[in-house]
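# Per-entry structural report
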Amino acid sequence: MKIKYFLKKNKKIFTNRSFYVRIIRYSHEGGIKLIYVTGDMHGEFSRFKNKNIKKQLEENDTLIICGDFGFIWEDSRHERSIIEKIGELNYNVAFVDGCHENFDLLQQFEVIEWNGGKAHHISGNLVHLMRGQVYTIEDKKIFAFGGGHSQIMSTVKTLTGGRRSIRLMKKS
């Protein structure tokens, strides 16, 4: 897919139909700092493999995913392998939960102090930003609140008696 670049003032957005990244640039002692913001990954690891995205993200940068991270869902071996790969990236990946997350699994991860707020440590450089927390990322304050209503999740909870399980939703 062809990547289009849109430049507006000090903000750059690149897109490839289903993946948007906004880069927020600002001056800082020692040079320019960048914060990368996107959302709705929905468990698609291929989005991390995009050459143009990988070229922009440098060591110790932070990619913030605003909801629907989607990689913590059924706790399968394959899913754990992908989570480990994301945690091994040379940049930080921090996500706020959306309405398409397995909250029961998220709550099982260790709570740590991360950039001034509480977060779930998922793997390596991968953290879940907990709701209601304030983080300092690249000297900017970030308030985390997430979620929303999902009709799919309401249906799953109804079908499973309150448990969240994707297994009922898979094709046989």
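None of these values were measured; they are calculated from a predicted model.

### What to know about the pairing of strand β6 (residues 92-96)
Of all the five residues making up β6, five are buried; the element is thus mostly covered by neighbouring parts of the structure. Residues of β6 alternate between two faces, with Asn-92, Ala-94 and Val-96 on one and Val-93 and Phe-95 on the opposite face, all of them buried. Here five bridges tie strand β5 (residues 62-66) to β6, and the two strands are oriented parallel to one another. The partner of Cys-66 across the bridge, within β6, is Val-96. Of the crossover connections in this fold, the one passing from β5 over helix α2 (residues 77-87) to the parallel β6 is right-handed. Summarising the sheet, β6 and strand β9 (residues 126-129) pair through four bridges and their orientation is parallel. The residue of β9 that forms the bridge with Val-93 is Leu-126.

### Notes on the confidence of the model for the protein
Within the protein, residue pLDDT values average 75, and 65% of them lie at 70 or more. For residues 1-19, every residue scores under 50 in pLDDT, and the model assigns this stretch 45 contacts once sequence neighbours within four places are set aside. For residues 163-172, every residue scores under 50 in pLDDT, and the model assigns this stretch 19 contacts once sequence neighbours within four places are set aside.

### Regarding unusual backbone geometry
The phi dihedral of Asp-40 is positive, around 55 degrees, even though this residue is not glycine. Along the chain, the position of Asp-40 falls in the loop between β4 (31-38) and α1 (51-56).

### Thoughts on the side chain of Asp-97
Along the chain, the position of Asp-97 falls in the loop between β6 and α3 (103-106). Note on Asp-97: relative accessible area 3%, which makes it buried. Here the side chain of Asp-97 touches His-128 through a polar contact of 2.8 Å, side chain to side chain. In terms of polar contacts, Asp-97 uses its side chain to reach the side chain of Arg-131, at 2.6 Å.

### Notes on the side chain of Asn-92
Counting through the fold element by element, Asn-92 comes out in strand β6. Accessibility expressed as a relative area gives 19% for Asn-92, which makes it buried. Dropping the residues within four chain positions of it, Asn-92 is found in contact with Asn-60, Asp-61, Thr-62, Leu-63, Trp-114 and Asn-125.

### Comments concerning the environment of Gly-98
With respect to the helices and strands, the residue Gly-98 is situated in the loop between β6 and α3. The sequence separation of Gly-98 and Gly-146 amounts to 48 residues, and the corresponding C-alpha distance is 5.4 Å.

### So, the nonpolar core
Inside soluble globular proteins, nonpolar side chains tend to come together where they are buried. Ranked by size, the top nonpolar core spans 23 residues in total, and within it Phe-48, Phe-69, Phe-71, Ile-86 and Val-93 carry the most contacts. Counting residues per element, the ones that place at least two in this core are β5, α2, β6 and α3. Setting aside chain neighbours within four positions, we find Ile-86 in contact with Phe-45, Phe-48, Phe-69, Phe-71, Val-93 and Leu-126. Among the nonpolar cores identified, the runner-up in size contains twelve residues, and Ile-35, Ala-94, Val-96 and Leu-129 belong to it.

So, how was this worked out
Residues numbered from 1 in each chain as written. Predicted model: local features only at pLDDT ≥ 70, side-chain atom pairs only at ≥ 80, totals over all residues. Heavy atoms only, no water. Buried < 20%, exposed > 50% of the residue type's maximum accessible area, 1.4 Å probe, protein only. Helix = DSSP H or I, 4+ residues; strand = E, 2+ residues; numbered from the N terminus. Pairing = 2+ DSSP bridges. Right-handed = clockwise from strand over helix to strand, strands pointing away. pLDDT = per-residue confidence, 0-100. Contact = heavy atoms within 4.5 Å. Polar contact = N/O pair within 3.5 Å; in protein donor to acceptor, adjacent residues only side chain to side chain. Core = buried A, V, L, I, M, F, W, Y, C linked by side-chain atoms within 4.5 Å.

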